[in-house]
Amino acid sequence: ADTPTELLVRSQAMASLYRGVLAGLALLFMNLLLILMARPPSADGASTAKSKISAVFVFGDSIVDPGNDNHRLTEAKADFPPYGQDFPGGKATGRFSNGKVPGDMLASRLGIKELLPPYLGDDLPISELLTGVVFASGGGGYDPFTSIPVNARSSTEQLGLFLKYKERLKASVGEDEMTRVISEGIYFTVMGANDLVNNYFTFPLRPHQYNLPSYVKFLVSSAVNFTMN
Ligand SMILES: *[C@@H]1O[C@H](CO)[C@@H](O)[C@H](O)[C@H]1NC(C)=O
């Protein structure tokens, strides 16, 4: 049985997760807008140009994690009911949602596939690797310190997984095909809410080092560096 302190810690963690979700939703739409604007214009400038998107890749936190944390020792998990109660089959897959998460919706709206799987999911067939996967980790953030207390994967670790993914793809379909998939992919990042809610406003380390505006500058700089990488 849990001690009262453990219960308190857990309910606080849940409360901050919810606050994180709200803050994250706002960031989500900004990020999507930025990414759509950042896509290079089509060669002939015409809106009818065939700008082909063949794969979706998502980085971020619990808002977009479809189950990468399932096999990890972390509190930031969602592989049990009532998560997934409205998901196909009523299954708790690790998505922090009653149903689908944004990566699924994006992939299906683009006509690519119905569900966007976690990169660390079991037995991903090559067809899934070719059409996109998610590297996000519940509890993750840009600031490496954010991920430590919850044992999530930071933005840097997620980039590391992406590099591994590229190697894996190259090994199975060759370099040219890997390059095509990577260049025809759309990249989507939802991160930053945990850096504020579960780190800056929760632990004393960062407030001791940065005031709020300078911490936000640090996050923006991290986000820019992440996107450039
Ligand atoms: C981002 O990259 C620049 C240039 O390498 C570096 O000076 C800066 O410290 C980086 N920002 C963060 C938050 O790591």
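Residues numbered from 1 in each chain as written. Predicted model: local features only at pLDDT ≥ 70, side-chain atom pairs only at ≥ 80, totals over all residues.

With that out of the way, let us pick up the environment of Thr179. For Thr179, the position within the fold is in helix α6 (residues 175-183). Residues Thr179 and Lys166, spaced 13 residues apart in sequence, show a C-alpha to C-alpha distance of 8.7 Å. (Helix = DSSP H or I, 4+ residues; strand = E, 2+ residues; numbered from the N terminus.)

On to the site of the ligand, then. What surrounds the ligand is the set Phe218, Ser221, Ser222 and Asn225. Looking at the shell around the ligand residue by residue, the class counts come to one nonpolar, three polar and no charged. (Near = placed C-beta within 6 Å. Nonpolar A, V, L, I, M, F, W, Y, C, P; charged D, E, K, R; others polar.)

So, about the nonpolar core. In terms of nonpolar packing, the biggest core is built from 27 residues, with Val56, Val58, Val64 and Val134 touching the most fellow members. Among the secondary structure elements, those contributing two or more residues to this core are β1 (55-60), α2 (102-109), α5 (155-173), α6 and β2 (185-190). The biggest single contributor to this core is β1, with five residues. (Core = buried A, V, L, I, M, F, W, Y, C linked by C-beta atoms within 7 Å. Buried ≥ 20, exposed ≤ 12 C-beta atoms within 10 Å, placed from the backbone.)

Atom-level detail of predicted coordinates should not be read off regions where pLDDT is low. When pLDDT is averaged across the protein, the result is 83; 78% of the residues are at 70 or more. No element of the protein has a lower mean pLDDT than helix α1 (residues 4-38), which averages 56, and none a higher one than β1, which averages 96. For the stretch residues 41-49, pLDDT sits under 50, and the model shows four contacts to residues farther than four places along the chain or on other chains. (pLDDT = per-residue confidence, 0-100. Contact = placed C-beta atoms within 7 Å.)

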